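# Tertiary structure, described
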Amino acid sequence: MMESRMTRNCHVRFGERYEETHQSQDWKVRFVPTPLSPLLANVALHGLETMLNEYAVTIDYRNCYGRQESQKNKIKSLNFIRYADDFLVLHRDSTVVHRCRDLISEWLNGMGLQLKPSKTRITHTLNPELSEDGLAGFDFLGHHIQQFPVGKHNCAIEPQNKKPLGFRTLITPSKDACKNHQLELKRVVRKHKYSHQARLINELNPIIRGWTNYYQFSDAQSVGELTRQDHLLFEKLRAWGRHKCKGKLKKAYEKYWTKIGNNNWVFATRQENANPLRLLTHTEFGSSSTKYVKVKGEDSPFNGKLVYWSTRMGRNPDMPSRKASLLKRQKGVCPWCCLHFREGDILEEDHVLARALGGKDRYDNLQLLHGHCHDAKTALDLSYIRENSLKKHLKQINKELDKFNWFWKDDILCIQGKSRGREFH
Ligand SMILES: [Zn+2]
């Protein structure tokens, strides 16, 4: 994730939510989220990054030899990450971060906005003593990001001086997010106190799938958060089952839990001769913070890079959905020439086993090829088809000939048969 630069920097966060300060007769207009507020925040805070970049050029930032860093490196050293009205400023030097807070305050004041002090924190990601409130790490978009000291064999190596960093960055679901998820699950289990098991499973599954997908690029699995979520949900379901069976827990286990594969404890419906409806678990989705590939530079899905975005997301408004999902499946590589597709290439769908040879028009029989690779593949397919049809004809002729008694005479095929009692050649 953002680890490479982040691991070396101090992390600071402020301005999680800002409040409008229009005051009329002691009434404070509070910030109320509306569907438009992220859009308004985007409009209002556009330009904040440019302002910070202009400041970054002027900071006193020296390399290991005591010389001033280049302008490019200075801009690189100051990270600004924003999602709607929530933002982070990251730098290894705390004085720079304090100065940024003042600058942003001034900049917002010019627009009649204010940083909310209760939501603004200056913190260190590794050392709690350096943080304003004595807590290391910070929360951003439902994730908690913090560094922990580890031995030299468990951490990354700093690229410049080839020394071990001495700490590891963990990105986990934040405490609030975990709690809210459990509250949501609790609400659903309570709602279905008297319902059938299938209805409960049907409502729980999308919640579990959605939550784990959101945290798929975090370390939730390696810190055991997914297992914990499964366990907490199990406790809720156990209480639900006990209630349904009038306090008889053993009966509830027998009725609502079953063995599927190697797992003895699957919360699933019992239906004879049908697929049981199964509750998803958090752990089966898995997650890893190293799986995420950072979006390059200032790319956005709307800047026309069709192949890049279709490969990344498996969908794009300007790309047919079949092509986009094939691109994602093939990771942007043409299986014929093993080269990456580039912007502007001709992309053609192809049946792996040709339709004429009995291939089906299904996703598992489709692939995406370059235009010229598709031509080469079709030529090869056609030769197979020809061979195949020739074989078919020969087989038929042989079958017909087997009905007669035939032999070769002077390279001429002769059929010996009997007709009206007389032999003929
Ligand atoms: Zn190709």
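Residues numbered from 1 in each chain as written. Predicted model: local features only at pLDDT ≥ 70, side-chain atom pairs only at ≥ 80, totals over all residues.

### Considering the overall build of the protein chain
To keep things clear, this is the line we draw: Numbering of helices and strands starts at the N terminus; helices are DSSP runs of H or I of at least 4 residues and strands are runs of E of at least 2. Our exposure labels follow a C-beta count within 10 Å of each residue's own C-beta, placed from the backbone: buried means 20 or more other C-beta atoms, exposed means 12 or fewer, and partly exposed covers the counts in between. Distance between backbone-placed C-beta atoms decides contact: two residues are in contact if it is within 7 Å.
Along the backbone of the protein chain there are 12 helices and 18 strands. Every one of the 425 residues in the protein chain was classed for burial, and the buried ones make up 20%. Pairs at least 24 residues apart make up 53% of the contacts formed inside the protein chain by residues separated by at least 6 positions.

### With respect to the nonpolar core
Applicable threshold: A set of buried Ala, Val, Leu, Ile, Met, Phe, Trp, Tyr and Cys residues, joined to one another through C-beta atoms within 7 Å, is what we call a nonpolar core.
Counting 17 residues, the largest nonpolar core has Ile201, Leu204, Leu237, Phe267 and Leu279 as the members making the most contacts within it. At the level of secondary structure, the elements contributing two or more residues to this core comprise helix 7 (197-214), helix 8 (225-244) and helix 9 (249-256). Broken down by element, the residue count for this core peaks at 5 residues, all from helix 7. Apart from residues lying up to four places away in sequence, phenylalanine 267 is in contact with Leu237, Tyr256, Trp257 and Leu279. In this structure, Ala56, Leu78, Leu115 and Ile122 belong to the second largest nonpolar core, which totals 12 residues.

### Focus: the sheet that holds strand 9 (residues 138-140)
What counts is decided by this rule: Whether two strands pair depends on DSSP finding at least two bridges between them. Inter-axis angles, ranging from 0 to 180 degrees, are taken between N-to-C directions of lines fitted to C-alpha atoms, where helices are fitted over the stretch in contact.
With respect to topology, 3 strands assemble into an open sheet ordered 9-10-11, the strand pairing being antiparallel. Of all the strands in the sheet, just strand 9 and strand 11 (167-173) have a single pairing partner and so form its edges. Looking at each pair of strands side by side, their axes are set apart by 30° on average, direction ignored.

### Some thoughts on the environment of histidine 143
Tracing the chain through its elements places histidine 143 in strand 10 (residues 143-149). The class of histidine 143 is buried, set by 20 C-beta atoms lying within 10 Å. Measuring from C-alpha to C-alpha, the distance between histidine 143 and tyrosine 215 comes to 8.2 Å, with 72 residues separating the pair along the chain. Those residues in contact with histidine 143, other than ones at most four positions away along the chain, are Ile171, Thr172, Pro173, Ser174 and Ser218.

### Concerning helix 5 (residues 94-109)
To keep it simple, the criterion reads: Multiplying one less than the number of residues by 1.5 Å gives the expected span of a helix. This arc corresponds to the set of directions leading from the helix axis out to the C-beta atoms.
With 16 residues, helix 5 ought to run about 22 Å at 1.5 Å a step, and its terminal C-alpha atoms sit 23 Å apart, in line with that. Along helix 5, the positions that sit buried rather than exposed are Val96, Val97, Cys100 and Ile104. Along the axis of helix 5, the buried residues cluster in a sector spanning 90°; they form a single face. Relative to its buried face, helix 5 has exposed residues pointing more than 90 degrees away, namely Thr95, Asp102, Glu106 and Asn109.

### Side note on the packing of helix 10 (residues 306-313) against helix 11 (residues 321-329)
Definition in use: Angular relationships are summarised with four words: roughly parallel below 35 degrees, roughly antiparallel beyond 145, roughly perpendicular across 65 to 115, and oblique for the angles in between. All amino acids are sorted into three groups, where Ala, Val, Leu, Ile, Met, Phe, Trp, Tyr, Cys and Pro are nonpolar, Asp, Glu, Lys and Arg are charged, and the leftover types, Gly among them, are polar.
Contact geometry for helix 10 and helix 11: axes closest at 7 Å, N-to-C directions at 70°. Considering their axes alone, helix 10 and helix 11 lie roughly perpendicular with respect to each other. Together, Val307, Ser310 and Thr311 of helix 10 and Ala324, Leu327 and Lys328 of helix 11 make up the contact between the two elements. Residues of the contact of helix 10 with helix 11, tallied by class, amount to 3 nonpolar, 2 polar and 1 charged.

### Describing unusual backbone geometry
Excluding glycine, residues mostly have negative phi values, and the peptide bonds linking residues are mostly trans. Positive phi values are uncommon outside glycine, yet lysine 246 reaches one of about 55°. Within the secondary structure layout, lysine 246 lies in the loop between helix 8 and helix 9. In this model, cysteine 338 sits at a positive phi of 60°, which is unusual for a non-glycine residue. Relative to the assigned elements, cysteine 338 resides in the loop between helix 11 and strand 14 (347-351).

Everything listed here is a matter of geometry and, on its own, says nothing about what the molecule does.
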